[in-house]
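Fold and geometry: a report
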Amino acid sequence: MEIKQLSFAADSPPLSVIAAVKLAGISLRTDASGSAPTFHFSTGFLIIMEIKLSFAADSPPLSVTVVAKLAIISLQTDPSGWFSVWGLLIQLKLHGTNVLLRYIGRVSNLYGQNAYESGEIDEWLEYVLVFSSGSEFENACNYVDKYLEKRTVVVGQCLSVADIAIWAALAGKGFRFCLFMNWAKMGKFEEIKEVPEPVRWFNSVSTEYSDSLNEVTSMYVGKRGVGKPVAAKSKEQQGVQQSKSVNADVSEKGKAGSRQSFEVDLPDAEIGKVRLRFAPEPSGYLHIGHSKAALLNQYFAQRYQGQLIVRFDDTNPAKESNEFVDNLLKDIETLGIKYEEVTYTSDYFPDLMEMAENLIRQGKAYVDDTPREQMQKERMDGIESKCRSNSVEENMKLWKEMILGSERGVQCCLRGKLDMQDPNKSLRDPVYYRCNPLPHHRIGSKYKLYPTYDFACPFVDAKEGITHALRSSEYHDRNAQYHRIQEDMGVKKVDGWDDPRFPTVQGIVRRGLKVEALIQFILEQGASKNLNLMEWDKLWTINKKIIDPVCPRHTAVIEERRVLLTLTNGPDEPFVRIMPRHKKYEGAGEKATTYTKRIWIDQADAVSISVDEEITLMDWGNAIVKEISRDPDGNVTQLTGILHLEGSVKTTKLKLTWLPETNELVNLTLMGFDYLITKKKLEEGEDFLDVLNPCTKIETPAVGDSNMRNLKRGDVLQLERKGYYRCDVPFTRPSKPVVLFAIPDGRQQTFLK
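Described in the following lines is the structure provided in the data block. (Residues numbered from 1 in each chain as written. Predicted model: local features only at pLDDT ≥ 70, side-chain atom pairs only at ≥ 80, totals over all residues. Heavy atoms only, no water.)

1. Details of the overall build of the protein
Note the threshold: Every helix listed is a DSSP run of H or I at least four residues long, and every strand listed is a run of E at least two residues long, numbered separately from the N terminus. A simple rule labels every residue: compare its accessible area, found with a 1.4 Å probe on the protein chains alone, to the largest value its type can have, and call it buried under 20%, exposed over 50%, or partly exposed in between. The criterion used for residue contact is that any of the two residues' heavy atoms lie within 4.5 Å. Only the protein chains shown count as cover for residues, with accessible areas throughout obtained via the Shrake-Rupley method and a probe of 1.4 Å.
Of the regular secondary structure elements, the protein holds 21 helices and 30 strands. Relative to its 753 residues, the protein shows a buried fraction of 51%. Long-range pairs, those at least 24 residues apart, make up 74% of the contacts in the protein with a sequence separation of at least 6. Split by element, the accessible area of the protein, about 36000 Å² in all, is 52% carbon and sulfur.

Set out below in C-alpha cells:
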C-alpha cells in the first residue's frame, strides 16, 4: 500500500494523520501545497494505494501519519492525487482527520480486534478534541490519568488509532512541558500528583515506536507544540541537552526569555525522599526566569511527595535588601507556591567561615592577591597562580587580614585548590570568598567578606538535605564543580542512610548482602562482648557462598576502548541459542545468546592477545587471532581471526567473555564502592575528616547482553570474569543505563578500568 500524496495547508499539518501513516508503515511523500485537507488514493492491478493529505505546515495530523507508518502504508506527496481502476480514472476524496484515521486503521489492523473495540476507538477519536481546548486540557489529563491507571494501551490489548490520536494531541501540545505548566499557570498544584499515568503511557508509546514517532516529531513538532519542520540538532547541541547529572536541568536563576528543554523525571528520585530548594538572590523582583524555576521546583516536590524550601541566596550585600526579600515572598505567594520553610544563606555564615578555614588548613584552599583581570586570564589559559604554593601559615595570615577587611586583606580572595589543568574551566581554582565592606541587610557590618555562590551553595544544600538542585543547561559545566567542592568539604560523602557505602542494614542490603549472610555472620561471632570492629571481609565471604550457587550469569564488556573481533569464517547471518543462565542451577532460568561474525571484547583482554594465538570464546569455542591493529598509544583498535571450533579449550591460556555486535545490547553503569575512611578503626579524639577516602565511588560505563533488559531491582547476578552485582536501577529505556552495584566477595576490591 502506498499513499501517493499527502497535502496539507502550510499552517496546520494534521499530526495524528501523519503519525498514523508512519506507524502503519505507509510510504509517505509530502508537500505543503496550502490547499484544504483532502485525501486522494488510487488502486490499480497491484492494489497500490495513493493518498493525498493536505494540511498546514504548523499543525500536521500526527495521528494519521503515525497510523500509516504502523500499517506499513507508503505515504508520499506530490501536486496531485488520483484514483484509478483498470485504467478508469476516478477522483475520490476523504475529508477530516478522524475519517482518515478510521480508514487507515481499518486497512492496517489498528482499529480494534472486534466491533466493540472499534466503537470504543470511535469514542476516543471524538474525545481527543478536548485536548485542543486550553480550558479543558487539565480535566482531559485527569480523565486520561484515571482511565490509564490499569491499562497499557487505550483500547483492548494492542496499539490502535485511539492511542495515536491521544499521543498526537499531547505531542502537539509540547506534552513534556505543557502538561505541568498548564496546571502551574492555573495555580492548581493539588492535582499535579495525577500526572504520572499519562506520562508513563506517553513515554511508553514514544519509546516502543520511537523509530516512527521520532521521525514525526523531529519533522513537525517544535519545543512547545506543533510548528514548522525542526532542523536536526548538531552533535554539540545534542550533547548539551542530553547530558545527565544528579542536578536536573532547571535554573533557579534562569534568564528571562531563555527556552530550555526539561525532562519529566528527576534522576534517582524516590517518592517521599525528594527535598528541593528555590533559591533566588534578593537583589530584585521576581521575573519570568524565577517564576519558571519556582513552579518547576514545586511541581517536582509535589509529584514525588517531597519538600520544597525557599532559601534566599543573600551573599552579596551590594545588591540585596529587605525590600526585595519581602516582595519576592509576596510574589511567591501569588504564584501559589507552597513551601516548608524560608531560610537564608547568611544563616550559615559562621559555618561557612569555619569550613573555609578547615580547607585552608587541609591545603585545599589558598589566599590569592592576583589582580582580577589577570586571574581570569590565568584561569582561561590554565596557568597556576603564584600564590597557589603558599604555605598554610601564609594563607592563614592573609585570611585573617581578609576577615579584618584591612588594606592588605581587600586585595585578596580565597580560592579553592582544585585543578588548573582541567578542561572544565569551572574546576580551575574557583573563588570561594571575596572582601566587601558594605553592611549586610540582615546582619549589618559583622562581616567584611562574603562567600561566593559557588562555595556557599554546595555547603548549604548539604546542610539542608537538598536531594536535587535544579539547574539549567548553562550550569551543566558547574555540576562537576558542585560535587568536587562537596567532596573537599566532606559534607556529603554518601547519598543517604541507604547509601551502599554505609554500614546500615538498608545500605549493605542495597549493596547486595543477603539477610541470611548477616544472620550467619552474627551467629558465628557467638557471644563475644567485642563486636565493635566488624570483620567485613568475612561477612562478604559468607555472602558469596550464598549467592554463587544460585545467581544467574550474564556478560558485560567495558565501554571504553572496547574492541571488535571479526571472525572471517563466522556466521554470515546471526543465530541464537537458548542456554541456562546458570549451568549448575536450573532454577536460574534460561537466556538467549546471539552469535555473529563480529563480536565485542574488552580492551584489557585484547591487549593480552598475540598474533596467531588460539583463544577460547566462552560458550562458543576456540578462535585463532590472525591480525591485531593498534593506535599510536598501543591500544588495540581491531582484531581479525578465524573460528577454530575443533580446538581444545584445555590448551588455551585465555578464556574470554564476548558480546555480539548487535543493536540489542543494554547500556550499563557498573558502580564500584570503597570504604569511606582509610582506617579500620578511629582512635580516640581522631577526626574522621582526616582519614576520609578521597575516592569511594567509581562509575564504569559498559554494555551487557540483551537478557539484562529483564532484570528487576534487587536481582543479584554474576558478570562472568567481572564479579557479582546487584541491580539497583533496572532497564526502562535504551537511553537510560541499567545500574549495577558491585558486591564485595571478601577479597580486596579493585575498580574496573
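2. Some thoughts on the pattern of salt bridges
Two side chains bearing opposite charge may form a pair once their charged atoms approach each other closely. The criterion, for reference: Each salt bridge in this description consists of a side-chain nitrogen of Lys or Arg and a carboxyl oxygen of Asp or Glu lying within 4 Å of one another.
If you walk through the whole model with that rule in mind, you get 29 salt bridges. A salt bridge links Arg-510 to Asp-728; its shortest N-O distance comes to 3.0 Å. Linking Arg-510 in helix H18 (residues 505-511) with Asp-728 in strand E29 (residues 723-729), this pair joins segments that are 218 residues apart in sequence. Its relative accessible area of 15% is what places Arg-510 among the buried residues. For the salt bridge of Arg-726 with Asp-728, the shortest nitrogen-to-oxygen distance reads 3.0 Å. By relative accessible area, Arg-726 is classed as buried at 9%. A relative accessible area of 5% means that Asp-728 is categorised as buried.

3. Here's the deal with unusual backbone geometry
Located in the positive-phi region is Gln-305, a residue other than glycine, with phi close to 50°. With a phi close to 50°, Asp-429 is a non-glycine residue in the positive phi region.

4. Examining the nonpolar core
Operational definition: For our purposes a nonpolar core is just a set of buried Ala, Val, Leu, Ile, Met, Phe, Trp, Tyr and Cys residues, chained together by side-chain atoms within 4.5 Å.
If you look at the biggest cluster of nonpolar residues, it comprises 39 residues, and the most contacted ones within it are Trp-124, Phe-131, Val-154, Ile-166, Trp-167 and Trp-201. Those elements that provide at least two residues to this core are helix H1 (15-23), helix H3 (97-107), helix H4 (115-127), helix H5 (137-147), helix H6 (161-172) and helix H8 (196-208). Element by element, the count of residues in this core is highest for H6, at ten residues. Listed in part, the 30 residues of the second largest apolar core include Ile-360, Val-367, Trp-399 and Met-489.

5. Examining the sheet that holds strand E9 (residues 307-312)
The cut-off we apply is this: Strand pairing is assigned whenever DSSP identifies at least 2 bridges connecting the two strands. Where helices are involved, their axes are fitted lines through C-alpha atoms of the stretch in contact, as for all axes, and angles between N-to-C directions lie from 0 to 180°.
The strand order across the open sheet formed by three strands is E8-E9-E10, and the pairing between neighbours is parallel. The open sheet terminates on both sides in strands that have one partner only, identified here as strand E8 (275-278) and strand E10 (342-344). Between one strand and the next, the sheet's axes are offset by a mean angle of 35°, whatever the strand orientation. Note that E9 and E10 share three bridges and pair parallel. Within the sheet, the bridge partner assigned to Phe-312 lies in E10 and is Tyr-344. Its contacts with the sheet place helix H12 (residues 322-334) against E8, E9 and E10, and it is angled at close to 155° to E9.

6. Digging into the packing of helix H13 (residues 349-361) against helix H16 (residues 453-463)
What counts, and what does not: In this scheme, roughly parallel covers angles under 35 degrees and roughly antiparallel covers those over 145, while 65 to 115 is roughly perpendicular and the rest are oblique. Residues are grouped as follows: Ala, Val, Leu, Ile, Met, Phe, Trp, Tyr, Cys and Pro are nonpolar; Asp, Glu, Lys and Arg are charged; every other residue, Gly included, is polar.
Interaxial distance between H13 and H16 falls to 11 Å at its minimum, and their mutual angle equals 110°. On the basis of their axis angle, the class for H13 and H16 is roughly perpendicular. Note on element contacts: H16 touches H13 through Phe-455, Ala-456 and Phe-459, opposite Asp-351, Leu-352, Met-355, Ala-356 and Leu-359. Grouping the amino acids of the contact of H13 with H16 by side-chain chemistry returns seven nonpolar, no polar and one charged.

7. Here's the deal with the side chain of Thr-640
Considering the arrangement of structural elements, one finds Thr-640 in strand E23 (residues 636-643). Every residue in contact with Thr-640, bar those within four places of it in the chain, is listed here: Leu-565, Thr-566, Thr-568, Val-625, Lys-626 and Glu-627.

8. Comments concerning empty space enclosed by the protein
Going by this rule: Using protein atoms alone on a 1 Å grid, points that fit a 1.4 Å probe yet trap it form a cavity, whereas open point sets bounded by protein on both sides within 12 Å along at least five of seven lines form a pocket; residues with an atom within 4 Å of a point count as lining. Grid points are joined across faces, edges and corners, and a volume is the space filled by probe spheres set on the points.
Inspection of every chain in the model, using the stated rule, returns three cavities of 30 Å³ or more. Considering only enclosed or pocket space, the largest cavity measures out at about 220 Å³ in volume. Of all the secondary structure elements, the ones that give two or more residues to the lining of the largest cavity are strand E19 (590-595) and strand E25 (659-660). Considering each element in turn, the lining of the largest cavity owes the most residues, four residues, to E19. Grouping the amino acids of the lining of the largest cavity by side-chain chemistry returns seven nonpolar, seven polar and five charged. Estimated volume of the second largest cavity: approximately 60 Å³. Lining of the second largest cavity is provided by 13 residues; of these, Gly-112, Glu-117, Val-155, Cys-158 and Ser-160 occupy positions nearest its centre. Split into classes, the residues belonging to the lining of the second largest cavity amount to six nonpolar, six polar and one charged.

9. A word on the environment of Ile-485
Summarising the element assignment, Ile-485 is placed in helix H17 (residues 476-489). In this structure the C-alpha to C-alpha distance between Ile-485 and Lys-417, which are 68 residues apart in sequence, comes to 9.8 Å. With residues up to four places along the chain from it excluded, the contact list for Ile-485 reads Tyr-432, Asp-454 and Pro-458.

10. Side note on helix H15 (residues 392-404)
Going by this rule: Every helix has an expected span of 1.5 Å times one less than the residues it contains.
In this model, H15 (13 residues) spans 19 Å end to end at C-alpha, consistent with the 18 Å of a helix rising 1.5 Å per residue. Listing the buried residues of H15 in full gives Asn-395, Met-396, Leu-398, Trp-399 and Met-402. Where H15 ends, the next residue or the one after it, Gly-405, has phi of about 70°, a positive value.

11. Things to note about the environment of Tyr-116
Position of Tyr-116 relative to the elements: it lies in helix H4. Assessed through its relative accessible area of 62%, Tyr-116 is described here as exposed. Considered as a pair, Tyr-116 and Val-155 are 39 residues apart in the sequence and their alpha carbons are 9.9 Å apart.

12. Comments concerning the packing of aromatic side chains
How we decide: Aromatic rings from Phe, Tyr and Trp, with only the six-membered ring used for Trp, were paired whenever their centres fell within 6.5 Å, and each pair was classed as stacked if the ring planes differed by under 30 degrees, edge-to-face if by over 60, and tilted otherwise. Look at NZ for Lys and CZ for Arg. If either is within 6 Å of the ring centre and within 35 degrees of the ring normal, a charge sits over the ring.
Applying the stated criterion to the full structure yields 18 aromatic pairs. Between Tyr-143 and Tyr-147, the aromatic rings sit 6.5 Å apart at their centres with planes inclined by 25°, giving stacked as the arrangement. Of the two residues, Tyr-143 and Tyr-147 both sit in helix H5, four residues apart, roughly one turn of that helix. Every member of this aromatic cluster is reached through a ring pair, and the members are Trp-124, Tyr-127, Tyr-143 and Tyr-147. Sitting over the face of the ring of Trp-600, Arg-562 holds its NZ or CZ atom 4.2 Å from the ring centroid.

13. Re the sheet that holds strand E24 (residues 655-656)
Read across the sheet, seven strands follow the order E24-E21-E22-E23-E17-E20-E25 without closing on themselves; strand pairing throughout is mixed. The two strands at the open ends of the sheet, each matched to only one other strand, are E24 and E25.

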